[in-house]
Amino acid sequence: MLVKEIKELRSLIKSWKREGLSVGFVPTMGALHKGHESLIKKAVLENDKVVVSVFVNPTQFGPNEDYDSYPRDINKDLALCLNAGAALVFNPEPSEMYFDNKATTVSVSSLTSVLCGAKRPGHFDGVCLVVSKLLNIVTPDKAYFGEKDAQQVAVLKRMVRDLNIDVEIVACSIIREEDGLAKSSRNTYLSKDERQAALILSKSLERAKDSLKNGERNATKLKEVIKAELSKEPLAKIDYVEIVDSDSLENVETIEKNVLIPIAVYIGKTRLIDNFTFKIYTY
Ligand code: AMP
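Residues numbered from 1 in each chain as written. Predicted model: local features only at pLDDT ≥ 70, side-chain atom pairs only at ≥ 80, totals over all residues. Heavy atoms only, no water.

1. Observations concerning helix H2 (residues 34–46)
What counts is decided by this rule: Helix and strand assignments come from DSSP, with helices taken as H or I runs of at least 4 residues and strands as E runs of at least 2, each series counted from the N terminus. Any helix carries an expected span of 1.5 Å times its number of residues minus one. Throughout, exposure labels follow a simple rule: accessible area from a 1.4 Å probe, protein chains only, divided by the maximum for the residue type, with under 20% read as buried, over 50% as exposed, and the rest as partly exposed. Note on contacts: a residue pair is in contact if any heavy atoms of the two residues lie within 4.5 Å.
Here H2 is 13 residues long and its end C-alpha atoms lie 18 Å apart, about the 18 Å a rise of 1.5 Å per residue gives. All of the buried residues in H2 are Gly35, His36, Glu37, Leu39, Ile40 and Ala43. Packing partners of the buried residues in H2 comprise strand S2 (23–28), strand S3 (49–54), helix H3 (74–84), strand S5 (142–146) and strand S6 (168–172).

Structure follows, in structure tokens:
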């Protein structure tokens, strides 16, 4: 079922809640793939009803980013959601989500000045605004987000805690292509050569895992390992390579506790991200 209006969505959700049913929520921007599908399937296992939103959110794109060209195919997305077991897809127009004279911003300060936040000014304000609105509209018990966007998960967990929003944020593992490339709606932008070149992201993270297995704990040296691997690919241009505390996202010098190792790399004009979390007790 496709719902375009907030009023209709709210009345459906209220009727489910009156029956005592739990609600899971998966926010997306559409052009859905197996990464999104894994979130929906997890939500279906853990909730009575699952709502997926498909909304290319204008407020999280910078002026020179890909809002207009972002892939959109609502019929394909709807079929994927229903096959995965979702009860409905919420696909509002921007005018349904945003008032012309909106005056409210939602900003999570400390976690958003680094990594993608530093490179994409205003991006996380847009994400926080749309996710807080969607959580207020859907009022889910649990909301599902991918670790592919690890900074987003950290920011949203903090936002939900700080604003006492009554929802559990569930972080889900990264789903990859067979050759290791993290699935992304933006992979459709890649030419054949760029698609091949994009493998350098996951390869460089594998090199870092090898070094960690061999006992390397110096963050600078580890970042050099990743950068050296990335620089082997002529089509790749590094945006950032960082090693940060998993919760605070602050830089670490020596790896003594769980760290997030996120990278952002341009392959041609397409900016791709990838990461892994190193859990100290597993090595
Ligand atoms: P997007 O449509 O790109 O905004 O993504 C919607 C949700 O799907 C976000 O929580 C993403 O982190 C998640 N997601 C996107 N790609 C993947 C992936 N390859 N594996 C797991 N989750 C993903």
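What follows continues from the structure just given.
2. Some points on the site of the ligand
How we decide: Any residue with a non-hydrogen atom lying within 4 Å of a molecule or strand is treated as near it. Contacts described as polar in this section are N or O atom pairs within 3.5 Å, which, within protein, must combine one atom able to donate a hydrogen with one able to accept it, while residues neighboring in sequence count only if both atoms come from side chains. Where accessible areas are quoted, they stem from the Shrake-Rupley method and a 1.4 Å probe; at the residue level, only the protein chains shown are allowed to cover.
Taken together, 17 residues form the shell around the ligand, and within it Met29, Gly146, Asp149, Ile175 and Lys183 come nearest. Contacts to the ligand include Met29, whose backbone N or O atom sits 2.9 Å from an oxygen atom. Interatomic distance of 2.9 Å between a backbone N/O atom of Gly146 and an oxygen atom of the ligand. Relative to its unbound accessible surface of 480 Å², the ligand loses 92% to contact with the protein. Put simply, the parts of the chain that give the shell around the ligand at least two residues each are S2, H2 and S5. Considering every element that reaches the shell around the ligand, the biggest residue donor is H2, with three residues.

3. Quick word on the domain arrangement of the chain
The following threshold applies: The start and end points of each domain follow an automatic or database-based domain assignment. By convention, the term buried area covers the 1.4 Å-probe accessible surface removed from two parts as they join, with the contributions of both added. Note on definitions: salt bridges are taken to be side-chain nitrogens of Lys or Arg within 4 Å of carboxyl oxygens of Asp or Glu.
In terms of domain boundaries, the chain breaks down into domain 1 (2–172) and domain 2 (185–275). A separation of 26 Å is found between the C-alpha centroids of domain 1 and domain 2. At the junction of the two partners, domain 1 supplies 22 residues and domain 2 supplies 16 residues. Summing both sides of the interface, domain 1 and domain 2 together bury roughly 1,500 Å²; the carbon and sulfur share of this comes to 56%. Along the contact surface separating domain 1 from domain 2 lie two salt bridges.

4. A few points about the pattern of salt bridges
Here the idea is simple: oppositely charged side chains can pair when their charged atoms come close. A complete count under the given rule lists 19 salt bridges for this structure. A salt bridge links Lys4 to Glu93; the nearest nitrogen and oxygen atoms lie 3.2 Å apart. Placement of the pair is Lys4 in the loop between strand S1 (2–3) and helix H1 (6–18) and Glu93 in the loop between strand S4 (88–90) and helix H4 (94–97), with a sequence separation of 89 residues. Take Lys4: its relative accessible area is 32%, and that puts it in the partly exposed class. Among the salt bridges present, the one from Lys142 reaches Glu46, with a minimum N-O distance of 3.4 Å. Of this pair, Lys142 sits in strand S5 while Glu46 sits in helix H2; the two residues are 96 residues apart in sequence, bridging distant segments of the chain. Look at the salt bridges and you will find they share partners, linking Arg207, Asp210, Glu229 and Lys232 into a network.

5. A closer look at the UniProt feature "active site" (unreviewed entry) in the chain
Defined as follows: UniProt positions are given in the numbering used here, feature names are shortened, and annotations may be inferred rather than shown by experiment.
Under the local residue numbering, the UniProt record ascribes the feature "active site" (unreviewed entry) to His36. Inspection of the secondary structure assignment puts His36 in helix H2. For His36, a relative accessible area of 14% translates into the label buried. With residues up to four places along the chain from it excluded, the contact list for His36 reads Thr28, Gly30, Ala31 and Ser185.

6. Re the packing of helix H6 (residues 123–138) against helix H7 (residues 150–162)
Worth spelling out the cut-off: Think of each axis as a best-fit line through the C-alpha atoms, taken over the contacting stretch in the case of a helix, with angles from 0 to 180 degrees between the N-to-C directions. Note on angle classes: values under 35 degrees are labelled roughly parallel, values over 145 roughly antiparallel, values of 65 to 115 roughly perpendicular, and the remainder oblique. Handedness of a crossing is defined here by the sense of rotation of the near helix relative to the far one, left-handed for an anticlockwise turn of less than a right angle and right-handed for a clockwise turn.
Relative orientation of the contacting elements H6 and H7 amounts to 55°, with a least axis distance of 11 Å. As summarised for this structure, H6 and H7 are arranged oblique, according to the angle between their axes. In the packing of H6 onto H7, the handedness of the crossing is right-handed. Between H6 and H7, the residues in contact are Phe124, Val127, Cys128, Val131, Ser132 and Leu135 and Gln151, Gln152, Val155, Leu156, Met159 and Val160, respectively.

7. Looking at the environment of Met159
By the element assignment, Met159 lies in helix H7. The exposure class of Met159 is buried, given its relative accessible area of 1%. Linking Met159 and Ser132, residues 27 residues apart in sequence, is a C-alpha distance of 8.4 Å. Once you skip the residues sitting within four places of it in the chain, Met159 turns out to touch Val106, Val108, Cys128, Val131, Ser132, Leu135 and Ile165.

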